[in-house]
Amino acid sequence: DRQAWLKTLSPTQLRQAVQHHIVQTLNMTRGKLENWDVINENLQGQWYQEVLDDFDFEQDPFRIAHQADPTVPLFLNDYRVVAHGPDTGAYVAQAKRLLNANLALSGLGAQCHFFTEEAPDPFLIKYRLDMLATSGLPVWITEFNVVAEDENKR
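Quick summary incoming for the structure in this document.

Cut-off values and rules
- Residues numbered from 1 in each chain as written.
- Predicted model: local features only at pLDDT ≥ 70, side-chain atom pairs only at ≥ 80, totals over all residues.
- Heavy atoms only, no water.
- Axes fitted to C-alpha atoms, helices over the stretch in contact; angles between N-to-C directions.
- Helix = DSSP H or I, 4+ residues; strand = E, 2+ residues; numbered from the N terminus.
- Left-handed = near helix turned anticlockwise from the far one by under 90°.
- Contact = heavy atoms within 4.5 Å.
- Nonpolar A, V, L, I, M, F, W, Y, C, P; charged D, E, K, R; others polar.
- Phe/Tyr/Trp six-rings, centres within 6.5 Å; stacked < 30°, edge-to-face > 60°.
- Buried < 20%, exposed > 50% of the residue type's maximum accessible area, 1.4 Å probe, protein only.

## Let's talk about the packing of helix H2 (residues 11-28) against helix H4 (residues 59-68)
- Where H2 meets H4, the axes come as close as 9 Å, and the angle between the chain directions of the two elements is 35 degrees. Judged by the twist between their axes, the crossing of H2 over H4 is right-handed. For the pair H2 and H4, contact is made by Arg15, Val18, Gln19, Ile22, Val23 and Leu26 and by Asp60, Pro61, Ile64, Ala65 and Ala68, respectively.
- Here the residues of the contact of H2 with H4 sort into eight nonpolar, one polar and two charged.

And the structure:
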């Protein structure tokens, strides 16, 4: 859920807050980042787009970040795209939309969370990673956890 103070902002103030956060963060970390997740976990709720009534708002943070520091590779990052795949196709579509808008998207981060006593299926993992690779971008596993008492499942 979003921080309470964000919910009190007008659309103009919200855009300014996003820009300020991105510029400030990149200025403080200049030369220290290997890459940066510009948009994290946006597929499950497009709060900014809905509040701003701007479906293409996801493009703005990439433009702002690239302008603030054109040297840092910029990533998307999301879950439910590998371990559970209901959003795999939507994630690839999101990446392609950003690439088609000529934004500086350098890669996809994929979180892999296997729930209680769920054994990972290596064939399904590979299949979904291959789907992500159709974006033409490098794919990085950013989180991988298996919650299982049985070490053979882990």
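## What to know about the packing of aromatic side chains
- Within this structure, the stated rule accounts for four aromatic pairs.
- A ring pair is formed by Phe75 and Trp140, whose centres lie 5.0 Å apart and whose planes are at 65 degrees; its orientation type is edge-to-face. With a gap of 65 residues between them, Phe75 in strand S2 (residues 74-78) and Trp140 in strand S4 (residues 139-146) connect regions that are remote in the sequence.
- We classify Phe75 as buried; its relative accessible area is 3%.
- Among the aromatic residues, those joined into a ring-pair cluster are Trp47, Tyr48 and Phe57.

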